[in-house]
Amino acid sequence: MKVASVIVDVPAKQTDKTFDYLIPNRWENAILPGMRVVVPFGPRKIQGFVTEVKAESSFAKLKEIIEPMDLVPVLTNELLSLGNWLTEHTLCFRISAFQAMLPAALKAKYEKWVKLAGNHRPEELPAELQSVFQKNPEIVWNEAVERGLVTALQREAAKGTVEVAYRVKDRLNAKRLKHVYPILSKEQLANELESIPARAAKQRDVLNYFIENPESIEQRELLAKTATTSGTVKVLIEKGLLGEIDKEVYRDPFEERVFAQTRPLALTDDQANAIDPILSSIKEDKHNVFLLYGVTGSGKTEIYLQSIQEVVGKGKEAIVLVPEISLTPQMVNRFKGRFGNEVAVLHSGLSAGEKYDEWRRIQRKEVKVAIGARSAVFAPFENLGIIIIDEEHETSYKQEENPRYHARDVAIQRGLLHNCPIVLGSATPSLETFARAQKGVYQLLTLPKRMNNQDLPKVDIIDMREELRDGNRSMFSKLLFEKLQERLEKKEQTVLFLNKRGHSSFVMCRDCGYVLNCPHCDISLTYHRYNQSMKCHYCGHEDRMPSICPECSSDHIRFFGTGTQKVEDELGKILPEARVIRMDVDTTSRKGAHERLLNDFSERKADILLGTQMIAKGLDFPNITLVGVLSADTMLHLPDFRSSEKTFQLLTQVSGRAGRHKLKGEVVIQTYTPEHYSVELSGEQDFDQFYQREMLVRKMHKYPPFYFLSLITVSHEELMKVISVTEKITNYVRSRLSEEAIVLGPVASTIPRINDRYRYQCLIKYKREPDLAPALKTVLDRYQQESAASGLQISVDVNPYILM
DNA sequence: AGCACGCCGACT
DNA sequence: GTCGGCGTGCTC
């Protein structure tokens, strides 16, 4: 028998290796690398991925594979080796890497259950179990636990009257619909018609239908067309006149939507210059990384579309990554409009089943283009011709759980393998990327002008401290208020942007300054108005909103921070005639709400669109002529070396929403720190100067792109334990690195406690440290072993985005 | 991650 | 004497 090497579905240090299994002869040719299989593992049955099929194993007593879970490998050879690459570069378990590359629907579910053993009868069991097994032949373990039957069951299991079994279940199956078709020919059916009893008019109707339409038809449709019920059809099937078959169908999230076909647009000179190197890279099958650096509205999307056209023309495939938040219908429409049914869309708004179906359309080569968020970078294409990453600077391309990968790195790795170009597009590239483009590692392509030659909007920066000095205590500056009024009169639209991150509405006592904190995490609770509660965003702890301060009993306890609801209320007071659409987590949580609100706005059912981050991108409506940023600097004060970069990007992004078409746009940015370069330069939309300034800061503080970072975070319930372990780790890492490397720590994390666990970290800054990866691996080996036993958790993030 | 095995204290 | 607590080590 042949042998398969299998990575089992147990994410732990000790099982992070292949296990060998015999391939039963009946599956000798049916089990291939990349397939999921069910294997026995100790007393259990679990899922695993076959990584290799070989002639023999060095392991003496092998068990057999129980069964394959796929007909076709779910991981191509390329993805298998990409998984290994991911494992090495993010220091995760191989199983985690494989699972990250597949839709969640393919992750196995496990069930433990108990059944009567052999020929034992329920009567042999004690009374409490008898009743259970008389009703059902089996009981699910969890149910047994709930009903307190575990001890009794264990006793019986020891006697051998019942046995414990395990099941591996697929999360879901392909959707099937019942189809009906005629078995006989037209003439034969016509003959049969005569033998149908006179009273069975409906049966005759159905046969007549098939005489005219001999193809198979979905049963539901047939019933509607012939006005019958399934009973009639069933009789005809039993008589052997009709056949039935289940046909697999895709859940189409875009069913009932028609996409207007679009044709390639004529390119401007700038666009033509920019696309040229991309096209030749495609033609010559050459791997190149391009940074397509173009201001908002400069026509990057058309370059994407025409590059893909070239790729598809060559019979190859394309992946387009967009940030989740801008995976809007507008964006999807543009791709569907150009490539029609050749496009698969993968985003979080789809149900698990829909996502799985879209993924399968890629797997079966039914589409040429995949567009989606971060994980779409793993789309199982085998002839990749290009990967495009739009809004390259977006932090959502970095996954914040294992495997902690960055989609950009994965894309480049795949590009190397497929000899195809990678295009990174942005109006405000990340410093890392721009620096690489400057050094010539990436090839820089520039789109300096907006397509319509429309000037970038005029930006006013308002110092809110001055407003306060002048006695304006509202959240709208005088200028913004005036401009708002002006738009209302001219019937033009406004977007109001509230930068909320890092500024959640916490509750503070105005008398003693007491802030309501989570009892399990060292972080303030966030006020939720809909149920008057205080919630912790890290552990989910919930408290009632207090009416008096728990500290000093003052009733001057209020929530701070300007939520969108509060802004909406104030708008209602100062501009009661304005129609406002509010977009935030509360108003967009329901499926399709996001799209509906945007539709309403585009149909001019509202004058003002008020929202958070989620409206910063992709909005492209001709009638928007004013953008207001209510508080530009709320994220500037976060303890994050990228805060300036993020502020600049966000403000630039938001400003770009105004005046994209014929009407001229204006932007008002309100801030308490107008002198900060990221605010000031975003007003001038001057990325180049921002880049120069920020690079100086990064160089001075030894941050990326001058240094690489790696972050080790240790957590445990006991403070002393955390500190001592982090200390040991820090010393060990320091001992293995060169003088040049900077090893900081142990320091308390920015959030020193989450869920009653203390968190300490060690931050490593380095340029070239070949010994770092092995050192980190050793740390993980050493402490992940210990983790299960002592409750110690340790995580390593290579190139972290969040230092918390 | 489960799960079995095994070694110690506190009960019918 | 047995039940059950959780430390230790294995899973092809």
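Residues numbered from 1 in each chain as written. Chains lettered and ligands numbered in written order. Predicted model: local features only at pLDDT ≥ 70, side-chain atom pairs only at ≥ 80, totals over all residues. Heavy atoms only, no water.

### So, the protein's contact with DNA strand C
Working step 1: The immediate surroundings of DNA strand C are formed by 13 residues, with Asp20, Pro40, Phe41, Gly42 and Lys63 found nearest.
Working step 2: Taking the atoms of DNA strand C that fall within 4 Å of the protein, sugar and phosphate contribute 41% of them.
Working step 3: Pro40 is positioned such that a nitrogen or oxygen atom in its backbone is 3.1 Å from a phosphate oxygen of DNA strand C.
Working step 4: With respect to DNA strand C, the backbone of Gly42 contributes an N or O atom lying 3.0 Å from a sugar or linking oxygen.
Working step 5: Of all the secondary-structure elements, those providing two or more residues to the surface near DNA strand C are β2 (18-23) and β3 (36-41).
Working step 6: Of all the elements, β2 adds the most residues to the surface near DNA strand C, at three residues. (Near = heavy atom within 4 Å. Polar contact = N/O pair within 3.5 Å; in protein donor to acceptor, adjacent residues only side chain to side chain. Helix = DSSP H or I, 4+ residues; strand = E, 2+ residues; numbered from the N terminus.)

### Overview of the layout of surface pockets
Working step 1: Here the second largest pocket defines a volume of roughly 1200 Å³.
Working step 2: Together, 42 residues line the second largest pocket, and Asp409, Arg436, Phe708, Val798 and Asn799 are the ones closest to its centre.
Working step 3: Those elements giving two or more residues to the lining of the second largest pocket turn out to be α1 (77-90), α14 (407-418), α15 (431-439), α23 (687-700), β31 (708-716) and α25 (772-790).
Working step 4: The leading source of residues in the lining of the second largest pocket is α14, at six residues.
Working step 5: Of the residues assigned to the lining of the second largest pocket, the class counts are 24 nonpolar, six polar and 12 charged. (1 Å grid on protein atoms, 1.4 Å probe; cavity = no way out; pocket = protein on both sides within 12 Å on 5 of 7 lines; lining within 4 Å. Points joined across faces, edges and corners; volume = space filled by probe spheres on them. Nonpolar A, V, L, I, M, F, W, Y, C, P; charged D, E, K, R; others polar.)

### Structural notes on the UniProt feature "binding site: Zn(2+) 2" (unreviewed entry) in chain A
Working step 1: Here the UniProt-annotated "binding site: Zn(2+) 2" (unreviewed entry) positions come out as Cys518, Cys521, Cys536 and Cys539. Look at the named residues: they lie 22 residues apart in sequence, but the longest C-alpha span between them is just 8.7 Å, so in the fold they bunch up.
Working step 2: Tracing the backbone shows Cys518 in the loop between β22 (507-509) and β23 (526-528).
Working step 3: With residues up to four places along the chain from it excluded, the contact list for Cys518 reads Ile523, Leu525, Cys536, Cys539, His541 and Arg753.
Working step 4: Here Cys536 is to be found in the loop between β24 (533-535) and β25 (542-544). (UniProt positions renumbered as here; feature names shortened; annotations may be inferred. Contact = heavy atoms within 4.5 Å.)

### Re empty space enclosed by the protein
Working step 1: In the structure shown here, the tally under the stated rule is two cavities of 30 Å³ or more.
Working step 2: The wall of the largest cavity is formed by His393, Thr395, Ser430, Arg642, Glu645, Lys646, Gln649 and Tyr801.
Working step 3: The residue inventory of the lining of the largest cavity, partitioned by class, reads one nonpolar, four polar and three charged.
Working step 4: A domain split of the lining of the largest cavity shows at least three residues from each of domain 3 (269-447) and domain 4 (458-504 + 561-698). (Domains from an automatic or database assignment.)

### Topic: the sheet that holds strand β14 (residues 317-321)
Working step 1: Across the sheet, seven strands lie side by side as β15-β16-β14-β17-β18-β13-β19; this open sheet has parallel pairing. Of all strands in the sheet, those with a lone pairing partner are β15 (343-346) and β19 (443-447), marking the two edges. Shown here is a sheet whose adjacent strand axes are inclined to one another by a mean of 15°, direction ignored.
Working step 2: Here five bridges tie strand β13 (residues 289-294) to strand β18 (residues 422-426), and the two strands are oriented parallel to one another. When the sheet's bridge partners are listed, Leu291 is paired in β18 with Leu424.
Working step 3: Against the sheet, helix α13 (residues 352-363) touches β15 and β16 (369-372), its axis set at about 145° to β15.
Working step 4: Relative to the sheet, α14 contacts β13, β14, β17 (384-389) and β18, its axis offset from that of β17 by approximately 160°. (Pairing = 2+ DSSP bridges. Axes fitted to C-alpha atoms, helices over the stretch in contact; angles between N-to-C directions.)

### Here's the deal with the pairing of β15
Working step 1: Residues Val343 and Val345 line one face of β15 and the alternating positions Ala344 and Leu346 line the opposite face, and both faces are buried.
Working step 2: Pairing of β15 with β16 involves four bridges; the strand directions are parallel. Along β16, the bridge assignment pairs Ala344 with Ala370.
Working step 3: Between β15 and its parallel partner β16, the chain crosses via α13, and the hand of that crossover is right-handed. (Buried < 20%, exposed > 50% of the residue type's maximum accessible area, 1.4 Å probe, protein only. Right-handed = clockwise from strand over helix to strand, strands pointing away.)

### Considering a nonpolar patch on the surface
Working step 1: A grouping of Tyr538, Ile802 and Met804 is seen on the molecular surface, where their side chains present a nonpolar patch of about 250 Å² in accessible area.
Working step 2: When you line up the elements, Met804 lands in the segment after β34 (793-798). (Patch = residues over 30% accessible without salt bridge, like charges linked within 9 Å, V, L, I, M, F, W, Y side chains within 5 Å. Areas by Shrake-Rupley, 256 points an atom, 1.4 Å probe, with all protein chains shown as cover. Salt bridge = Lys/Arg side-chain N within 4 Å of Asp/Glu carboxyl O.)

### Here's the deal with helix α3 (residues 127-135)
Working step 1: Regarding α3, the residues found buried are Leu129, Val132 and Phe133. Down the axis of α3, the buried side of the element spans an arc of 85°, and every buried residue falls inside it. The outward face of α3, more than 90 degrees from its buried face, is lined by the exposed residues Ala127 and Lys135.
Working step 2: Looking at the buried residues of α3, the elements they touch are β7 (109-116), β8 (138-140), α5 (150-159) and β9 (162-169). (Arc of directions from axis to C-beta.)

### Here we look at the domain arrangement of chain A
Working step 1: Domain annotation for chain A reports domain 1 (3-109), domain 2 (110-169), domain 3 (269-447), domain 4 (458-504 + 561-698) and domain 5 (708-798).
Working step 2: If you average the C-alpha positions of domain 3 and of domain 4, the two centres end up 28 Å apart.
Working step 3: Domain 3 puts 23 residues into the contact, and the matching count from domain 4 is 27 residues.
Working step 4: Buried area between domain 3 and domain 4, summed over both chains or domains, comes out near 2000 Å², and the portion from carbon and sulfur atoms is 59%.
Working step 5: Along the contact surface separating domain 3 from domain 4 lie one salt bridge. (Buried area = accessible area lost by both parts, 1.4 Å probe.)

### Focus on the protein's contact with DNA strand B
Working step 1: Around DNA strand B sit Val10, Pro11, Ala12, Gln14, Pro43, Arg44, Lys112 and Tyr166, and that is every residue in its neighbourhood.
Working step 2: Take the atoms of DNA strand B that sit within 4 Å of the protein: sugar and phosphate atoms are 65% of them.
Working step 3: One of the side-chain N or O atoms of Gln14 is found 3.4 Å from a base nitrogen in DNA strand B.
Working step 4: Side-chain polar atom of Lys112 to a phosphate oxygen of DNA strand B: 3.3 Å apart, as the coordinates give it.

### Considering the environment of Val311
Working step 1: You can see Val311 is positioned in helix α11 (residues 300-313).
Working step 2: Once residues lying within four places of it in the same chain are set aside, the contact partners of Val311 are Ile282, Lys316, Glu317, Ala318, Gly385 and Ile386.

### Digging into the sheet that holds strand β4 (residues 44-54)
Working step 1: If you trace the six strands from one edge of the open sheet to the other, you get β5-β2-β1-β4-β3-β6, paired in mixed fashion. Bordering the open sheet on either side are β5 (63-64) and β6 (67-68), each of which pairs with just one other strand.
Working step 2: Where β3 meets β4, six bridges bridge the pair, whose relative direction is antiparallel. Considered in β4, the bridge of Val37 is made with Gly48.

### A few points about a positive patch on the surface
Working step 1: On the surface, Lys439, Lys699, Lys702 and Lys767 cluster together into a positively charged patch.
Working step 2: As for its position among the elements, Lys702 is in the loop between α23 and β31. (Lys, Arg positive; Asp, Glu negative; His and termini not counted. Charge placed at Lys NZ, Arg CZ, Asp CG, Glu CD.)

### What about unusual backbone geometry?
Working step 1: Asn402 connects to Pro403 through a cis peptide bond whose omega is -10°.
Working step 2: By secondary structure assignment, the location of Pro403 is in the loop between β17 and α14.
Working step 3: One non-glycine residue, Glu391, lies in positive phi territory at about 50°.
Working step 4: The topology assignment puts Glu391 in the loop between β17 and α14.
Working step 5: A residue is classified by how much of its surface remains accessible, and Glu391, at 12% relative accessible area, is buried.

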